[in-house]
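Fold and geometry: a report
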Amino acid sequence: MNGTDVGAGEQDTAGPAGGERLRRWRMVLGGGEADGTGCALTGRDAAMDAALGALYGGGGEAGSRRTSGARSAGLGGSAPNVARWLGDIRTYFPSSVVQVMQRDAIERLGLAALLLEPEMLEAVEPDVHLVGTLLSLNKAMPETTKETARAVVRKVVEQLEKRLATRTRATLTGALDRSARINRPRHHDIDWDRTIRANLKNYLPEYRTVVPERLIGYGRAAQSVKKEVILCIDQSGSMAASVVYASVFGAVLASMRSIATRLVVFDTAVVDLTDQLDDPVDVLFGTQLGGGTDINRALAYCQSKITRPADTVVVLISDLYEGGIRNEMLKRVAAMKGAGVEFVTLLALSDEGAPAYDREHAAALAALGAPAFACTPDLFPEVMAAALEKRPLPTP
């Protein structure tokens with residue numbers, strides 16, 4: 001957290017000349033004799049500092065109020081202390097900062113178990129990372145917490161769908177239409193706009209008309225299934241954010257009549273969640289984050305479900321740390337590509353930056369013509385559109 005994020009817009013409590021700058025440095029450095037600022041905090045600044053110190057300092061309890069001195073930290077062992085702290089940070093910091101602090105609290109202070117309590121879930125700021133944590137706790141979650149957890153997950157899913165669905169449908173509908181275009185259409189199937197543009201060189205000024213040498217149109221079965229997409233998702237613990245985004249995209253794809261969508265998740269076992277695609281929340285609670293990885297077994301299952309190879313796109317979302325049979329995995333990818341399947345490997349589907357992954361396996365897949373790369377949710381529609389049209393993928 002930098003100096004511009006902490007207490008922006010707060011009243012200067014450290015004196016007139018250069019006081020605001022000292023105040024910000026005091027908030028960043030945490031106080032004590034070594035910070036060199038000589039600045040004491042009061043009021044709201046002290047409360048903000050206490051909330052920061054509870055997470056990033058060294059001992060004490062969340063929600064405590066102090067007027068001066070070094071940070072003393074710790075969220076304490078009780079749920080009320082944590083609930084108070086969660087309320088404090090939502091009061092003092094913007095949502096984006098709250099999400100970072102919640103994530104740090106879960107990772108640094110081992111608060112995951114407290115998320116099994118309904119009052120804790122009601123206090124947190126929902127985001128993708130929180131959903132991943134809840135899914136990893138799913139099997140240990142008591143019945144009294146499950147409905148609250150589903151409400152938290154649904155809120156995040158609805159936010160993601162609102163952000164991603166419209167653009168995804170528009171992009172993929174265009175790609176499907178282009179992939180279905182034919183050059184000898186019946187009269188009522190002619191795409192007149194594209195036909196005229198393709199034949200402008202044949203414009204006859206004296207007749208004020210275009211002579212179309214080449215007609216462009218769409219196939220008659222415009223609403224029938226044109227493509228099949230199989231999303232094969234690694235549900236090991238490191239892939240939590242990818243599982244969340246992939247489940248949302250799977251539901252969006254399944255809502256398009258022109259795409260037959262199958263969603264498969266795997267660790268050392270394989271689970272087909274296709275029949276739950278009408279509700280991505282059900283899909284997410286059908287996953288089990290953690291465990292090992294057997295990509296070969298998952299691809300074997302996906303391969304068995306392919307009936308129209310030339311019209312099928314398989315998207316493997318995995319960090320490629322294979323616990324199964326490596327050579328068999330590569331043979332399956334080669335066989336699918338040889339049959340005409342478009343094969344896409346995403347090392348991550350998230351906004352988290354460069355992921356850790358097995359570079360040897362990624363290089364082997366690239367040698368087969370299936371380059372592996374990380375993909376943000378905003379880029380995913382373009383990647384899918386390129387795969388549906390069988391053109392080069394827009395790798396970042």
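Small disclaimer: the values here were computed from a predicted structure and weren't measured. (Residues numbered from 1 in each chain as written. Predicted model: local features only at pLDDT ≥ 70, side-chain atom pairs only at ≥ 80, totals over all residues. Heavy atoms only, no water.)

**A word on the sheet that holds strand β9 (residues 342–349)**
Stated formally: Two strands form a pair only when DSSP identifies at least two bridges running between them. For the purposes of this entry, the term helix denotes a DSSP run of H or I that reaches at least four residues, the term strand denotes a run of E that reaches at least two, and both are numbered from the N terminus. Lines fitted to C-alpha atoms define the axes, with helix axes restricted to the stretch in contact, and inter-axis angles between N-to-C directions lie between 0 and 180 degrees.
Strand order in the open sheet formed by six strands is β7-β6-β5-β8-β9-β10, and the pairing between neighbours is mixed. At either margin of the open sheet sits one strand with a lone partner, and together these are β7 (270–272) and β10 (372–375). Within this sheet the neighbouring strands show an average axis-to-axis angle of 25 degrees, counted without direction. As paired elements, β9 and β10 share four bridges and run parallel to each other. Each bridged residue has a counterpart across the sheet, and for Thr345 the counterpart in β10 is Ala372.

**Observations concerning the packing of helix α12 (residues 326–338) against helix α13 (residues 359–367)**
Packed helices, taken two at a time, are described by the angle their axes make and the gap between the axes. Threshold: Between 65 and 115 degrees an angle is taken as roughly perpendicular, under 35 as roughly parallel, over 145 as roughly antiparallel, and anywhere else as oblique. Each crossing gets its hand from how the near helix is turned against the far one by less than a right angle, where anticlockwise is left-handed and clockwise is right-handed. Contacts were defined at the residue level, with two residues in contact if any of their heavy atoms lie within 4.5 Å.
Between α12 and α13, the shortest axis-to-axis distance is 10 Å and the interhelical angle comes to 30 degrees. Relative to α13, the element α12 lies roughly parallel. Taken as a pair, α12 and α13 cross one another with a handedness that is right-handed. Contacts between α12 and α13 involve Arg326, Met329, Leu330 and Val333 from the first element and Glu360, His361, Ala364 and Leu365 from the second.

**So, helix α4 (residues 95–109)**
To be explicit about the condition: Each residue after the first adds 1.5 Å to the expected span of a helix. The buried label goes to any residue with under 20% of its type's maximum accessible area, the exposed label to any with over 50%, and the partly exposed label to all in between, with areas taken from a 1.4 Å probe on protein chains only.
Taking 1.5 Å per residue, 15 residues should reach 21 Å; α4 reaches 20 Å between its end C-alpha atoms and fits that length. For α4, the full list of buried residues reads Val97, Val98, Met101, Gln102, Asp104, Ala105 and Ile106.

**A short note on a nonpolar patch on the surface**
Cut-off, in case you're wondering: Surface patches are defined over residues having more than 30% relative accessible area and no salt bridge, joining like charges when they lie within 9 Å and nonpolar side chains (Val, Leu, Ile, Met, Phe, Trp, Tyr) when within 5 Å. Each accessible area value is a Shrake-Rupley result obtained with a 1.4 Å probe; residue values ignore everything except the protein chains displayed when judging cover. Any Lys or Arg side-chain nitrogen found within 4 Å of a carboxyl oxygen on Asp or Glu counts as a salt bridge.
On the surface, a cluster of nonpolar side chains totalling about 280 Å² of accessible area is made up of Trp25, Val28 and Leu29. On the secondary structure map, Val28 appears in helix α1 (residues 19–29). Judged by its relative accessible area of 32%, Val28 falls in the partly exposed class.

**Focus on the environment of Ser236**
With respect to the helices, strands and loops of the structure, Ser236 is situated in the loop between β5 (227–234) and α9 (240–254). Each C-alpha atom, one on Ser236 and one on Asp267, is 6.0 Å from the other, the two residues being 31 residues apart in sequence.

**Observations regarding the packing of α1 against helix α2 (residues 43–56)**
We apply this condition: Under the convention adopted here, Pro, Cys and the residues Ala, Val, Leu, Ile, Met, Phe, Trp and Tyr are nonpolar, Asp, Glu, Lys and Arg are charged, and Gly plus all remaining residues are polar.
The contact between α1 and α2 brings their axes to 9 Å, and the two run at 25 degrees. Judged by the inter-axis angle, α1 sits roughly parallel to α2. From α1, Arg23, Arg26 and Met27 reach across to α2, where they touch Asp45, Met48, Asp49 and Leu52. Residue classes in the contact of α1 with α2 are distributed as three nonpolar, no polar and four charged.

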